[in-house]
Amino acid sequence: SDVENDEGQWKEALAGATGVVSTLGAFGNNKFMYKVCGLYNIKVLHAAKEAGVDRFSFISVHDFAFPGGWQAQNFLLRGYFQGKRDAEAEMAKLFHEKGVALRPGFVYGTRHAGNVNIPLGMVGAPIEAVINRLPRGLADIPIVGCAFVPPVSVDSVAKAALMAVLDPEVAGGPMNVWDIQKY
């Protein structure tokens with residue numbers, strides 16, 4: 001749905017809500033990606049805060065080990081990465097320890113593209129199993145480390161996102177892929 005035009009519906013949907021999970025994200029040109037990944041998520045964050053929502057979880061993106069950090073990632077999918085980071089920063093301001101930014105890398109499951117189902121798990125699950133047998137520190141190696149960030153199932157991401165809003169024991173702040181895998 002069109003996030004810009006549905007604010008009245010958000011307020012109605014958020015009435016009485018105790019937690020919100022935002023899965024907003026998109027690919028396209030940089031302006032479009034920033035709008036969806038950043039600005040729209042920020043609108044949802046503010047609407048949730050105004051409605052008195054207590055906990056918020058947000059599907060962000062893994063912090064890949066590129067020299068120069070997030071700025072270096074911005075040459076690839078600049079709007080996507082910057083939007084996610086800006087939304088994370090706004091969530092931290094608004095929800096403090098009751099906001100969780102899930103940071104998966106490659107998320108696999110069945111991708112529905114029109115009438116075609118693409119079973120990404122056929123690739124993602126075996127890669128996840130292999131990478132999880134390697135030393136975790138390999139993911140911290142600049143540039144090549146991104147190849148050692150394990151994929152994670154959409155089911156694990158969904159469970160982690162829900163637990164982030166349902167379980168007060170889940171710590172606020174970023175949740176890395178290895179913690180997401182525990183779900």
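Our structure is the block above this text.
The rules behind each value
- Residues numbered from 1 in each chain as written.
- Predicted model: local features only at pLDDT ≥ 70, side-chain atom pairs only at ≥ 80, totals over all residues.
- Heavy atoms only, no water.
- Buried < 20%, exposed > 50% of the residue type's maximum accessible area, 1.4 Å probe, protein only.
- Helix = DSSP H or I, 4+ residues; strand = E, 2+ residues; numbered from the N terminus.
- Arc of directions from axis to C-beta.
- Contact = heavy atoms within 4.5 Å.
- Expected span 1.5 Å × (residues − 1).
- Pairing = 2+ DSSP bridges.
- Axes fitted to C-alpha atoms, helices over the stretch in contact; angles between N-to-C directions.
- Salt bridge = Lys/Arg side-chain N within 4 Å of Asp/Glu carboxyl O.
- Core = buried A, V, L, I, M, F, W, Y, C linked by side-chain atoms within 4.5 Å.
- Parallel < 35°, antiparallel > 145°, perpendicular 65-115°, else oblique.
- Left-handed = near helix turned anticlockwise from the far one by under 90°.
- 1 Å grid on protein atoms, 1.4 Å probe; cavity = no way out; pocket = protein on both sides within 12 Å on 5 of 7 lines; lining within 4 Å.
- Points joined across faces, edges and corners; volume = space filled by probe spheres on them.
- Nonpolar A, V, L, I, M, F, W, Y, C, P; charged D, E, K, R; others polar.

Trainee: What am I meant to see in helix H5 (residues 121–131) here?
Mentor: Turn by turn, an α-helix covers 3.6 residues, leaving residues three or four places apart pointing in a common direction. Here H5 has its buried residues at Gly-124, Glu-128 and Ile-131. For H5, the angular spread of the buried residues around the axis is 75 degrees, confining them to a single face. Those residues of H5 that are exposed and aimed more than 90 degrees away from the buried face are Met-122 and Val-130. Residues of H5 that are buried sit in contact with strand E4 (107–108), strand E7 (152–153) and helix H7 (177–181).

Trainee: Explanation requested: helix H6 (residues 154–166) in the structure shown.
Mentor: With 13 residues, H6 should reach 18 Å at 1.5 Å per residue; the first-to-last C-alpha distance of 18 Å fits that figure. Among the residues of H6, those classed as buried are Ser-156, Val-157, Ala-160, Ala-161, Ala-164 and Val-165. Angular distribution of buried residues about the axis of H6 spans 160 degrees; they occupy a single face of the element. Facing away from the buried surface of H6 by more than 90 degrees, the exposed residues are Asp-155 and Leu-166.

Trainee: What's the story with the sheet that holds strand E1 (residues 19–22) in this structure? I'm lost.
Mentor: Each strand in a sheet pairs with its neighbour through backbone hydrogen bonds, running either in the same direction (parallel) or in the opposite one (antiparallel). Overall, parallel pairing links the four strands, which are arranged E1-E2-E3-E8 in an open sheet. Of all strands in the sheet, those with a lone pairing partner are E1 and strand E8 (173–176), marking the two edges. Between one strand and the next, the sheet's axes are offset by a mean angle of 20 degrees, whatever the strand orientation. In terms of strand pairing, strand E2 (residues 55–59) meets strand E3 (residues 99–103) through four bridges, oriented parallel.

Trainee: What is the right way to look at the pattern of salt bridges in this model?
Mentor: Two side chains that carry opposite charge are able to pair once their charged atoms sit near each other. Summed over all chains, the structure comprises five salt bridges. The shortest N-O distance in the salt bridge between Glu-88 and Arg-85 comes to 2.0 Å. Here Glu-88 pairs with Arg-85, and both are found in helix H4 (residues 78–95), just three residues apart, close to one helical turn. Connected through salt bridges with shared partners, the residues Arg-85, Glu-88 and Arg-103 form a single ionic network.

Trainee: Can you walk me through the nonpolar core in this structure?
Mentor: Most often, soluble globular proteins keep nonpolar side chains buried together rather than apart. Core analysis: the biggest nonpolar cluster contains 21 residues, and Tyr-80, Val-100, Leu-102, Val-157, Met-175 and Ile-180 have the highest contact counts within it. Going through the elements one at a time, helix H2 (30–50), H4, E3, H6 and H7 are the ones with two or more residues in this core. Looking at this core, the element that brings in the most residues is H6, giving four residues. The residues contacting Val-100, other than those within four sequence positions of it, are Arg-55, Phe-56, Ser-57, Phe-58, Met-91, Ala-164, Val-170, Ala-171, Gly-172, Gly-173 and Met-175.

Trainee: Would you explain the packing of H2 against H4 in this entry?
Mentor: Packed helix pairs are characterised by how far apart their axes lie and by the angle those axes make with each other. The N-to-C vectors of H2 and H4 enclose an angle of 15 degrees; their axes lie 6 Å apart at closest approach. Judged by the angle between their axes, H2 and H4 are roughly parallel. For the pair H2 and H4, the crossing hand works out as right-handed. Between H2, through Asn-30, Met-33, Tyr-34, Cys-37, Gly-38, Asn-41, Ile-42, Leu-45, His-46, Ala-48 and Lys-49, and H4, the contact on the second element is made entirely by Arg-78, Gly-79, Tyr-80, Gln-82, Gly-83, Lys-84, Asp-86, Ala-87, Glu-90, Met-91, Leu-94 and Phe-95.

Trainee: Explain unusual backbone geometry here, please?
Mentor: Note: most residues except glycine have negative phi, and most peptide bonds are trans. Phi is positive for His-96, close to 45 degrees, though the residue is something other than glycine. By the element assignment, His-96 lies in the loop between H4 and E3. Judged by its relative accessible area of 49%, His-96 falls in the partly exposed class.

Trainee: Can you walk me through the layout of surface pockets in this structure?
Mentor: In this approach a probe as big as a water molecule rolls over the atoms, and the regions it shows empty are the leftover space. The volume enclosed by the largest pocket comes to roughly 800 Å³. Along the wall of the largest pocket there are 30 residues; nearest its centre are Phe-27, Ile-59, Tyr-80, Gly-105 and Val-107. Per element, the largest residue contribution to the lining of the largest pocket is four residues, and it comes from H6. In the lining of the largest pocket, the residues fall into 21 nonpolar, seven polar and two charged.

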